[in-house]
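Chain by chain, the residues:
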Amino acid sequence: MDILDQYKEVRTYTEQICKPLQTEDYVVQVAEFASPAKWQLAHSSWFFETFVLLPHLPNYKLFNKDFPFLFNSYYNNAGDRVLRAKRGNLTRPTIDEVYAYRQYVDTAMWQLLHQKLDADMVQLVTLGLHHEQQHQELLLSDIKYMFGQNPLFPAYDSDTSLLGQERNIETGIVKIPEGVYTIGYQGEGFCFDNELGVHKVFLHDFEIQKGLVTNGEYLEFIEAGGYTDFNLWLDEGWTWLKQNQVSMPLYWHEVDGQWMHYTLKGFQKINENDILKHVSFYEAMAFAEWKGMRLPTEFEWEIASGQLNWGQRWEWTNSAYLPYPGFKKADGAIGEYNGKFMINQMVLRGASMATSPKHSRPTYRNFFHPSAQWQYTGIRLAK
């Protein structure tokens, strides 16, 4: 598939995600970390306008002089921006204006992509597409969080097929022998800069489970007093639990003795055989401690990944998000993409049911703060 077809496919999928939304749904921001759908639709267009069209398409004119301020995210090199917590205040521009902005950018991008592009330009556009795919997953996660905070628990789409694979198809363990292994992206296609810096690591022999932790297994942890035993928790995790009064995974509710949870299809009974999701790193670590096991490191996960059925949940690892040997940030705003976040974050590996098609690989390094629950996160144990 050429770059123009890739562009059309990605941009179309973003808007398909938003089709079930009503006008009011586009604006709401119920937490600082969860951006409104309208903002994400515009921000992903701003990325192409700012980094591709303005520098590279002659005579391109801004759609709206205020949009760079409204829809920049965290790129200091690209100018001032609205505070993240204030994105939900943008009742204007309207959603119709935002969709018009997307069409304006698309028309200009099609003009550019019909030209003969050099390798650097193809790489830049490809980065923009993968950036948008990241926001597609954020869109789904943020939409779910918004509806999950609504007291009516409305369904995003009662017919959605975005539930993915909810059951483990394998059990047992994978045994990996002690040795020196190669880590990092070695292919010829796209990867993010944080995957580069191919290097060797020494691993002791270890075992890793083929299946992810299920709801039923986690219920046992809850019922055994897992959220009340400070001995199981990291100190920071215990503080987080107490300050936020956490006693179960995000979206879980105990109603008249019945365990329920909010899903994209609405409020439903928890199936104990389904794979657990929406847990923080703190919860994953406490569960592992309770089981007498541990989380794998990101290097162990990468080496074992070829023998695992992964992709249902983002899997917490016990690895801090740090640069690989030789990591170097690109110049300018593009260099702000990953490198400046390499502190106070933990690495997640794999992908999830919300991850966009063609946007996963064994070397992909996702990262979030240990308290994050709203992504489709799960647990795979090792020892």
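Sequence positions are assigned chain by chain, starting from 1 and proceeding in written order. Confidence filtering applies because this is a predicted model: local features only for residues at pLDDT of at least 70, side-chain atom pairs given and counted only at 80 or more, and all residues used for totals across whole chains, interfaces and linings. Values reported for side chains reflect all heavy atoms of the structure, with hydrogen atoms and water molecules removed beforehand.

Some points on the pairing of strand S2 (residues 179-183)
For a regular strand, side chains alternate in direction, first toward one face of the sheet and then toward the other.
Then, in step 1: Alternating residues of S2 divide into Gly 179, Tyr 181 and Ile 183, all buried, and Val 180 and Thr 182, none buried.
Then, in step 2: Both S2 and strand S3 (residues 199-203) contribute to a ladder of five bridges, which runs antiparallel. Residue Val 180 lies in a different strand from S3, and its bridge partner there is Phe 202. A 1.4 Å probe rolled over the protein chains alone gives each residue an accessible area, and that area as a share of the maximum for its type sets the label: buried under 20%, exposed over 50%, partly exposed in between. Elements are defined by DSSP. Helices are runs of H or I of four residues or more, strands are runs of E of two residues or more, and each kind is numbered from the N terminus. The pairing criterion is simple: DSSP has to find at least two bridges between the two strands.

Some remarks on the sheet that holds strand S11 (residues 377-378)
Then, in step 1: Reading across from one edge, S10-S9-S8-S11 is the order of the four strands in this open sheet, with mixed pairing throughout. Only two strands of the sheet have a single partner each, and these edge strands are strand S10 (366-368) and S11.
Then, in step 2: In this sheet, S10 lies alongside strand S9 (residues 346-350) in antiparallel orientation, the contact comprising three bridges. Its bridge partner lying in S10, Leu 348 is registered against Asn 366.

Overview of the sheet that holds strand S5 (residues 252-255)
Whenever strands of a sheet pair, they do so through backbone hydrogen bonds, lying parallel or antiparallel.
Then, in step 1: One open sheet holds the three strands; their spatial order is S5-S6-S7, and the pairing between them is antiparallel. Each end of this open sheet is capped by a strand with a single partner; those strands are S5 and strand S7 (266-269). The average angle at which neighbouring strand axes cross in this sheet is 35°, direction not considered.
Then, in step 2: Here strand S6 (residues 258-263) pairs with S7 via four bridges, running antiparallel. Bridge pairing in S7 places Thr 263 opposite Gly 266. Axes, fitted as lines to C-alpha atoms, cover a helix only where it is in contact. Angles between the N-to-C directions of the axes lie from 0 to 180 degrees.

Some thoughts on the pattern of salt bridges
Between side chains of opposite charge, pairing is possible as soon as their charged atoms come close.
Then, in step 1: Whenever a carboxyl oxygen of Asp or Glu lies within 4 Å of a side-chain nitrogen of Lys or Arg, that contact is scored as a salt bridge. Scanning all chains against the criterion turns up 17 salt bridges.
Then, in step 2: The residue Lys 383 makes a salt bridge to Glu 207 at a minimum N-O spacing of 4.0 Å. One end of the pair, Lys 383, is in the segment after S11; the other, Glu 207, is in strand S4 (residues 206-209), and 176 residues separate them in sequence.
Then, in step 3: Take Lys 383: its relative accessible area is 53%, and that puts it in the exposed class.
Then, in step 4: Put simply, Arg 294 and Glu 300 hold a salt bridge, and the shortest N to O gap is 2.9 Å.
Then, in step 5: One network of salt bridges, in which partners are shared, links Arg 11, Glu 15, Arg 102, Asp 106 and Glu 132.

Re the nonpolar core
Then, in step 1: Formed by 112 residues in total, the largest nonpolar core has its most connected members in Met 109, Val 125, Tyr 218, Trp 233, Leu 295 and Ile 379.
Then, in step 2: Every residue in contact with Trp 233, bar those within four places of it in the chain, is listed here: Phe 221, Gly 226, Tyr 227, Trp 238, Trp 240, Leu 241, Tyr 282, Glu 283 and Ala 286. Buried residues of nine kinds, namely Ala, Val, Leu, Ile, Met, Phe, Trp, Tyr and Cys, make up a nonpolar core once their side-chain atoms join them within 4.5 Å. Any two residues having at least one pair of non-hydrogen atoms within 4.5 Å are treated as being in contact.

Some remarks on empty space enclosed by the protein
To find leftover empty space, a probe the size of one water molecule is rolled over the atoms.
Then, in step 1: A 1.4 Å probe that fits but cannot get out identifies a cavity on a 1 Å grid over protein atoms alone, an open set with protein on both sides within 12 Å along at least five of seven lines counts as a pocket, and a residue lines either if it has an atom within 4 Å of a point. Grid points are joined across faces, edges and corners, and a volume is the space filled by probe spheres set on the points. Per the stated rule, a full pass over the model turns up two cavities of 30 Å³ or more.
Then, in step 2: Here the largest cavity defines a volume of roughly 60 Å³.
Then, in step 3: The wall of the largest cavity is formed by Asp 25, Val 28, Val 30, Ala 34, Ser 35, Pro 36, Ala 37, Gln 40, Leu 139, Asp 142, Ile 143 and Met 146.
Then, in step 4: Elements with a contribution of two residues or more to the lining of the largest cavity: helix H2 (37-56) and helix H5 (119-148).
Then, in step 5: Per-element accounting of the lining of the largest cavity gives the leading share, four residues, to H5.
Then, in step 6: Three classes are used, and their members are as follows: Ala, Val, Leu, Ile, Met, Phe, Trp, Tyr, Cys and Pro are nonpolar, Asp, Glu, Lys and Arg are charged, and the others, Gly among them, are polar. The class makeup of the residues in the lining of the largest cavity is eight nonpolar, two polar and two charged.

Brief notes about the pairing of strand S8 (residues 314-320)
Then, in step 1: The element S8 is largely enclosed, with a buried count of five among its seven residues.
Then, in step 2: Alignment of S8 against S9, held across four bridges, turns out to be antiparallel. When the sheet's bridge partners are listed, Trp 314 is paired in S9 with Gly 350.
Then, in step 3: Pairing between S8 and S11: two bridges, direction parallel. Each residue of the ladder has a partner; that of Glu 315, found in S11, is Gly 378.

Comments concerning the layout of surface pockets
Then, in step 1: Within this model, the largest pocket holds a volume of roughly 1,100 Å³.
Then, in step 2: Lining the largest pocket are 40 residues, and of these Arg 84, Leu 138, Phe 367, Phe 368 and Trp 374 sit closest to its centre.
Then, in step 3: The set of elements that each furnish at least two residues to the lining of the largest pocket consists of H2, H5 and S10.
Then, in step 4: If one sorts the elements of the lining of the largest pocket by residue count, H5 sits on top with seven residues.
Then, in step 5: A per-class count over the lining of the largest pocket returns 17 nonpolar, 15 polar and eight charged.

Focus: the packing of aromatic side chains
Then, in step 1: Aromatic rings from Phe, Tyr and Trp, with only the six-membered ring used for Trp, were paired whenever their centres fell within 6.5 Å, and each pair was classed as stacked if the ring planes differed by under 30 degrees, edge-to-face if by over 60, and tilted otherwise. Across all of its chains, the model carries 45 aromatic pairs by this definition.
Then, in step 2: Relative to Phe 51, the ring of Trp 46 has its centre 5.4 Å away and its plane inclined at 75°; by these criteria the two rings are edge-to-face.
Then, in step 3: Its relative accessible area of 11% is what places Phe 51 among the buried residues.
Then, in step 4: Note that Lys 8 overlies the ring of Trp 110, its terminal NZ or CZ placed 5.7 Å from the centroid.
Then, in step 5: The ring of Trp 39 has Arg 87 lying over it, and the distance from NZ or CZ to the ring centre is 3.6 Å. Here, a charge over a ring is recorded when the distance from Lys NZ or Arg CZ to the ring centre is within 6 Å and its angle to the ring normal is within 35 degrees.

Let's talk about the confidence of the model for the protein chain
Then, in step 1: On average, the protein chain scores 97 in pLDDT, and the residues at 70 or more come to 99%.
Then, in step 2: Every residue is assigned a pLDDT by the predictor, reflecting its confidence on a scale from 0 to 100. Model confidence for the protein chain, summarised as mean pLDDT per element, is weakest for S7 at 95 and strongest for helix H8 (residues 281-291) at 99.

Some thoughts on the side chain of Asn 72
Then, in step 1: Relative to the helices and strands, Asn 72 resides in the loop between helix H3 (67-71) and helix H4 (95-113).
Then, in step 2: Any N or O atom pair separated by 3.5 Å or less is treated as a polar contact, with the protein-specific requirement of one donor-capable and one acceptor-capable atom, and with residues adjacent in sequence counted only for side-chain atom pairs. Within the structure, Asn 72 has its side chain in polar contact with the backbone oxygen of Tyr 75 (distance 3.0 Å).
Then, in step 3: Contact partners of Asn 72, with chain neighbours within four places excluded, come to Trp 39, His 43, Trp 46, Phe 67, Ala 78, Gly 79, Asp 80 and Arg 81.

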